[in-house]
Amino acid sequence: MAFYTLNDIAYLAANCHANKATLHWSGGGYTNTSPHYHLNILGDGRVWSDFDSFDTTGQHTWHRNTGNIGISILCCADASVDTEGNVTWGNYPPTDEQVDKMAMIVKTIADVKDWNIDKEHFKTHNDWALIDGYSIYDNDPDMRWDLIALPQEDGDGGAIIRGKAIWYHCHPEECKD
Ligand SMILES: [Zn+2]
């Protein structure tokens with residue numbers, strides 16, 4: 001159990017067998033960490049983990065946890081979404097520090113694992129919910145919509161994070177704690 005730097009995360013990624021990662025938000029406050037995720041990104045951008053290996057199976061994505069690194073921004077306690085995907089952010093919207101750190105983590109893991117920064121390797125929980133039938137369109141009581149959007153810019157939240165990660169890949173000197 002520790003706060004991790006990007007260097008720590010590179011080491012953990014290099015020494016694991018994962019073949020993908022999933023991007024979440026927690027639905028809690030800015031400091032409410034959870035052992036369901038491998039990496040918890042606090043509101044101020046610090047990264048907490050209850051684990052010292054990414055090979056510990058997480059509990060973050062229904063039926064999809066094998067070989068899947070769970071990364072979560074801690075936010076959205078009282079956010080809501082309507083049936084058309086319009087988000088009301090509430091009192092704990094994703095912070096700039098969280099969005100930037102998540103993108104840096106995606107870049108760091110992709111570089112170490114030699115993964116493309118794409119939807120094949122980095123889906124959001126919203127992406128999995130659409131695939132597995134518990135999205136905003138599915139009437140599932142345990143509906144998920146993590147990163148369907150972000151307050152920082154318009155568009156799909158996962159595409160925004162992946163786009164920022166690609167930018168960091170091209171500007172590695174800017175990718176630092
Ligand atoms: Zn989630």
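The structure we're discussing is the one just above.
What comes next concerns the included structure. (Residues numbered from 1 in each chain as written. Predicted model: local features only at pLDDT ≥ 70, side-chain atom pairs only at ≥ 80, totals over all residues.)

1. A word on the environment of Val-99
So, step 1. Its place among the elements puts Val-99 in helix 2 (residues 96–113).
So, step 2. A C-alpha to C-alpha distance of 16 Å links Val-99 and Ile-109, two positions ten residues apart in sequence.
So, step 3. Contact partners of Val-99, with chain neighbours within four places excluded, come to Pro-94, Leu-150, Gln-152 and Ile-161. (Helix = DSSP H or I, 4+ residues; strand = E, 2+ residues; numbered from the N terminus. Contact = placed C-beta atoms within 7 Å.)

2. Side note on the packing of helix 2 against helix 4 (residues 157–170)
So, step 1. Where helix 2 contacts helix 4, the two axes come as close as 8 Å, and the packing angle between them is 60°. It follows that helix 2 is oblique to helix 4 by the angle criterion. Handedness of the helix 2/helix 4 crossing: right-handed. Contacts between helix 2 and helix 4 involve Val-99, Asp-100, Met-102, Ala-103, Met-104, Val-106, Lys-107, Ala-110 and Asp-111 on the former and, on the latter, Ile-161, Arg-162, Lys-164, Ala-165, Tyr-168 and His-169.
So, step 2. The class makeup of the residues in the contact of helix 2 with helix 4 is nine nonpolar, one polar and five charged. (Axes fitted to C-alpha atoms, helices over the stretch in contact; angles between N-to-C directions. Parallel < 35°, antiparallel > 145°, perpendicular 65-115°, else oblique. Left-handed = near helix turned anticlockwise from the far one by under 90°. Nonpolar A, V, L, I, M, F, W, Y, C, P; charged D, E, K, R; others polar.)

3. Details of the sheet that holds strand 5 (residues 68–73)
So, step 1. Strand order in the open sheet formed by six strands is 1-4-3-5-2-8, with mixed pairing between adjacent strands. Single-partner strands in this sheet number two, and they are strand 1 (2–3) and strand 8 (122–124).
So, step 2. Sheet topology note: the strand 2 (residues 20–25)/strand 5 ladder contains six bridges and is parallel. Note that in strand 5 the partner of Leu-23 across the bridge is Ile-71.
So, step 3. Sitting on the sheet, helix 2 touches strand 2, strand 3 (39–41), strand 4 (47–49), strand 5 and strand 8, and the angle it makes with strand 5 is about 160°.
So, step 4. Against the sheet, helix 4 touches strand 2 and strand 8, its axis set at about 150° to strand 8. (Pairing = 2+ DSSP bridges.)

4. Focus: the nonpolar core
So, step 1. Ile-71, Met-102, Ala-103, Ile-105, Val-106, Ile-109 and Ile-161 are the most contacted members of the largest nonpolar core, which totals 42 residues.
So, step 2. At the level of elements, helix 1 (6–14), strand 2, strand 3, strand 5, helix 2, helix 3 (125–132) and helix 4 are the ones that each hand at least two residues to this core.
So, step 3. Beyond its immediate stretch of four places on either side in the chain, Val-106 contacts Ile-117, Phe-122, Ile-161, Arg-162 and Ala-165. (Core = buried A, V, L, I, M, F, W, Y, C linked by C-beta atoms within 7 Å. Buried ≥ 20, exposed ≤ 12 C-beta atoms within 10 Å, placed from the backbone.)

5. Section: the packing of helix 1 against helix 2
So, step 1. It is at 9 Å that the axes of helix 1 and helix 2 come closest, and there the two elements cross at 40°. Viewed along their axes, helix 1 and helix 2 adopt a mutual orientation that is oblique. Crossing angle aside, the handedness with which helix 1 passes helix 2 is right-handed. Contacts between helix 1 and helix 2 involve Leu-6, Ile-9, Ala-10, Ala-13 and Ala-14 on the former and, on the latter, Met-104, Ile-105, Thr-108, Ile-109, Val-112 and Lys-113.
So, step 2. The residue inventory of the contact of helix 1 with helix 2, partitioned by class, reads nine nonpolar, one polar and one charged.

6. Focus on unusual backbone geometry
So, step 1. Phi at Asp-114 is positive, roughly 60°, even though this residue is not glycine.
So, step 2. Among the structural elements, Asp-114 can be located in the loop between helix 2 and strand 8.
So, step 3. Unusually for a residue other than glycine, Leu-147 sits at a positive phi of about 65°.
So, step 4. Topologically, Leu-147 is positioned in the loop between helix 3 and helix 4.

7. Examining helix 1
So, step 1. Those residues of helix 1 that sit buried are Ile-9, Leu-12 and Ala-13. Seen from one end, helix 1 has its buried residues packed into an arc of 100°, which puts them on one side. Opposite its buried face, helix 1 presents the exposed residues Asn-7 and Ala-14, each directed more than 90 degrees away.
So, step 2. Looking at the buried side of helix 1, the elements it contacts are helix 2. (Arc of directions from axis to C-beta.)

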